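Okay, here's what each chain looks like letter by letter:
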Amino acid sequence: MTTDGLALATRGLQKRYGSRPALAGLDLSVPTGVVYGFLGPNGAGKTTTMRLLTGLIHPDAGSIEVLGRPFGRRDRHRLFEVGALIESPSFYPYLNGRENLRALAATGAPVSGARIEELLELVGLRDRAKDKVQTYSLGMKQRLGIAAALLSDPRLLLLDEPANGLDPAGIVAMRETLRHLASTGKTVFVSSHVLGEVQQLADVIGIIAAGRLVREGPIGELLHGEGEVRVRVAADQVEPARTILGGLATPDAVSDGADGDGWLAVRIGAGRAADVNRALAGAGIFASGLESGSDLESLFLELTQGDGSGGHEGTFFGVAGGSR
Amino acid sequence: MRIFVASLRKLVRRPASFVILGILIGLLSLILIAVAATASQPDAPPGQRAGLLLVTFPGAYTSILSFILGLGGLFAVIYGAAIAGSEWSWGTLKSAVARGESRSRYQLLSFAAIALMIGVGVLIAFGAGIVVAVIGANIAGVSTDGLSDAETLGTIPELLGRGWLATVEVGALGFAIATLARSQLAGIGAGIAFFFGEQFATIFLSDVVKYMPFNAANAVVATPGEGGFSDGGGGPVISSLEPNEALVVVVAWLVGSLLVATLFTERAEISG
Ligand SMILES: Nc1ncnc2c1ncn2[C@@H]1O[C@H](COP(=O)(O)OP(=O)(O)OP(=O)(O)O)[C@@H](O)[C@H]1O
Ligand SMILES: [Mg+2]
């Protein structure tokens, strides 16, 4: 596999904690200059991947390339061009926001004092920069964590659930910041559980489950190719409609929609809603409702539920994925 | 150097630095004043009157210092453990490592800042102790002529230097323990347990225990013929190392502790 033009690549990455596997051969390919949405259920291995990418832990097998060059135990200097926020932001509670950034700036790549002020402004903490971090709200700590990740103006930014605790304005501001970074050629690798947010933010997504990649690619292509179309027909026409839809896709791609009586869902490219409608009409069945559900949430649930390789994924509170 | 300065700045801002120094000076003052006040009562029994030696210069210089180092040992192990442990508990070491910082350099320079803070703390406590002892001497009506005893004053810099090294050594012990424990609380707890465990073991195993960190630290500053506050933790002193022998042992513990802390950090999987 070639890794040219990639800001980040992993090949066959494996990691266990004790006897529990966290990554089972992960292959990621993150192109340069994009926002990459890194998705997966709880326990899928997202944070573990981030830890490996920042040298906090070391792989049992497999390789990592960061900014086009191999990244191993002896390559900590490569991280001078990487900024990261992993799991929860970490600060000295008794220091104020500015002092915390200064303390952090004393490590790794050199950072100017002006940069710190610029970042406090960017994340909207200028007025609170003199307050101790222990007096910050959850979202304020998160903002400071994002500022910390941006300290060295990194070419590659790794953010583990950065939207955690941010208010709506904070989320919009973060989205704009990350989009802006990508537009200047920087690469942003961001994990998130807020799929609506990822859908708006990311150019490329990778979905992992149980420590393996299950899908990766430009978000538009994935959603176009993997959507779902839902139709509502009269109760006595459900069975004929099911047959027709099964012929259009495959019989097992058709299921009862979760929205109630008369709804059928078919897993088919979302762009084919018109085909579905035409096929039904051709058989004299007129849909009283038609929706194309090509959102990230359906795709995510469909790909990550019950692949049963020992991870934490699967149904959660009894919610079945893929249909609704 | 950036890290050293930043670490120093962090320690200066850290409440623990002041709390520990404050408690040390408070206890020292309390004891000196109390001893001076009771010992100077006309009807005090001879045993209590001996307490006046604590505020009688020049001997008071060494008593104060041995008090500071005895209690300071406990405080230094707590201080070292608190600082090393919180780096793991708060995740701040993680942030530095993720920025590409060298783990060993970060740990060693953080400890260098602790060592400097301990030195400053010992000096401040010593100065405060002298002031309080002078006050105590006045309360007890003891002459303070010995304050300027040239012979004793000449030995003080070396004693302070040795005392600093000894305190730094137990600070390093706390630093190493908390690094292994990866936790502030566990590190402090284990450090305190080590301190009392060693004091306790002195009673039974003095031949071995004299090589242990706290006993060796005490022996570094022991002046012949003078029983300090801390010697033997109240128990009988059966044997202890010669001061210079103790110096070697202390340096060995210091280097060993830092080596353990650094190697462990270097190899640790930071997954908390
Ligand atoms: N420090 C650790 N010690 C032991 N096991 C761990 C540790 N960290 C993670 N794991 C395990 O590794 C697997 C992957 O965890 P990881 O934190 O990478 O998941 P994640 O994708 O970040 O999940 P989430 O969405 O909940 O943040 C899980 O099974 C988890 O229990
Ligand atoms: Mg996680």
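Residues numbered from 1 in each chain as written. Chains lettered and ligands numbered in written order. Predicted model: local features only at pLDDT ≥ 70, side-chain atom pairs only at ≥ 80, totals over all residues. Heavy atoms only, no water.

### Things to note about the pairing of strand β3 (residues 35-39) of chain A
All names here are of chain A.
Reasoning step 1: Along β3, 5 of the 5 residues are buried, which leaves the element largely enclosed by surrounding structure.
Reasoning step 2: Here 4 bridges tie β3 to strand β9 (residues 204-209), and the two strands are oriented parallel to one another. Its bridge partner being in β9, Leu-39 is matched across the sheet by Ile-207. (Buried < 20%, exposed > 50% of the residue type's maximum accessible area, 1.4 Å probe, protein only. Helix = DSSP H or I, 4+ residues; strand = E, 2+ residues; numbered from the N terminus. Pairing = 2+ DSSP bridges.)

### So, empty space enclosed by the protein
Reasoning step 1: Under the criterion given, the structure shown has 4 cavities of 30 Å³ or more.
Reasoning step 2: Roughly 200 Å³ of volume is contained in the largest cavity.
Reasoning step 3: Along the walls of the largest cavity sit 18 residues, with A:Ala84, A:Leu85, A:Leu104, A:Ala148 and B:Ser95 positioned nearest its centre.
Reasoning step 4: Of all the elements in the fold, those that place two or more residues in the lining of the largest cavity are β6 (82-85) and α4 (138-150) of chain A together with α5 (92-98) of chain B.
Reasoning step 5: No other element matches the 4 residues that β6(A) contributes to the lining of the largest cavity.
Reasoning step 6: Per-class residue counts for the lining of the largest cavity are 11 nonpolar, 5 polar and 2 charged. (1 Å grid on protein atoms, 1.4 Å probe; cavity = no way out; pocket = protein on both sides within 12 Å on 5 of 7 lines; lining within 4 Å. Points joined across faces, edges and corners; volume = space filled by probe spheres on them. Nonpolar A, V, L, I, M, F, W, Y, C, P; charged D, E, K, R; others polar.)

### Here we look at the packing of helix α9 (residues 213-221) of chain B against helix α10 (residues 243-267) of chain B
All names here are of chain B.
Reasoning step 1: Between α9 and α10, the shortest axis-to-axis distance is 8 Å and the interhelical angle comes to 135°. Classified by the angle between their axes, α9 and α10 sit oblique to one another. Considering the relative orientation of α9 and α10, their crossing is left-handed. Together, Pro-213, Ala-216, Ala-217, Ala-219 and Val-220 of α9 and Pro-243, Ala-246, Leu-247, Val-249, Val-250 and Trp-253 of α10 make up the contact between the two elements.
Reasoning step 2: A class-by-class count of the residues in the contact of α9 with α10 yields 11 nonpolar, no polar and no charged. (Axes fitted to C-alpha atoms, helices over the stretch in contact; angles between N-to-C directions. Parallel < 35°, antiparallel > 145°, perpendicular 65-115°, else oblique. Left-handed = near helix turned anticlockwise from the far one by under 90°. Contact = heavy atoms within 4.5 Å.)

### Let's talk about the interface of chain B and chain A
Reasoning step 1: Opposite the 28 residues of chain B that make contact, chain A presents 34 residues.
Reasoning step 2: Roughly 2700 Å² is buried in total at the junction of chain B and chain A, and carbon and sulfur atoms are behind 51% of that figure.
Reasoning step 3: It is B:Arg2, B:Trp90 and B:Arg99 in chain B that bury the most area against chain A; as a group they hold 27% of the surface buried on that side.
Reasoning step 4: Linking chain B with chain A are 2 salt bridges.
Reasoning step 5: Ionic pairing is found between B:Glu269 and A:Lys15, a salt bridge with its closest N-O pair at 2.4 Å.
Reasoning step 6: Along the contact surface separating chain B from chain A lie 24 residue pairs in polar contact (both at pLDDT 80 or more).
Reasoning step 7: At the level of elements, α1 (2-13), α5 and α6 (103-140) of chain B are the ones that each hand at least two residues to the side of chain B that touches chain A.
Reasoning step 8: Its residues placed into classes, the side of chain B that touches chain A shows 10 nonpolar, 7 polar and 11 charged. (Buried area = accessible area lost by both parts, 1.4 Å probe. Salt bridge = Lys/Arg side-chain N within 4 Å of Asp/Glu carboxyl O. Polar contact = N/O pair within 3.5 Å; in protein donor to acceptor, adjacent residues only side chain to side chain.)

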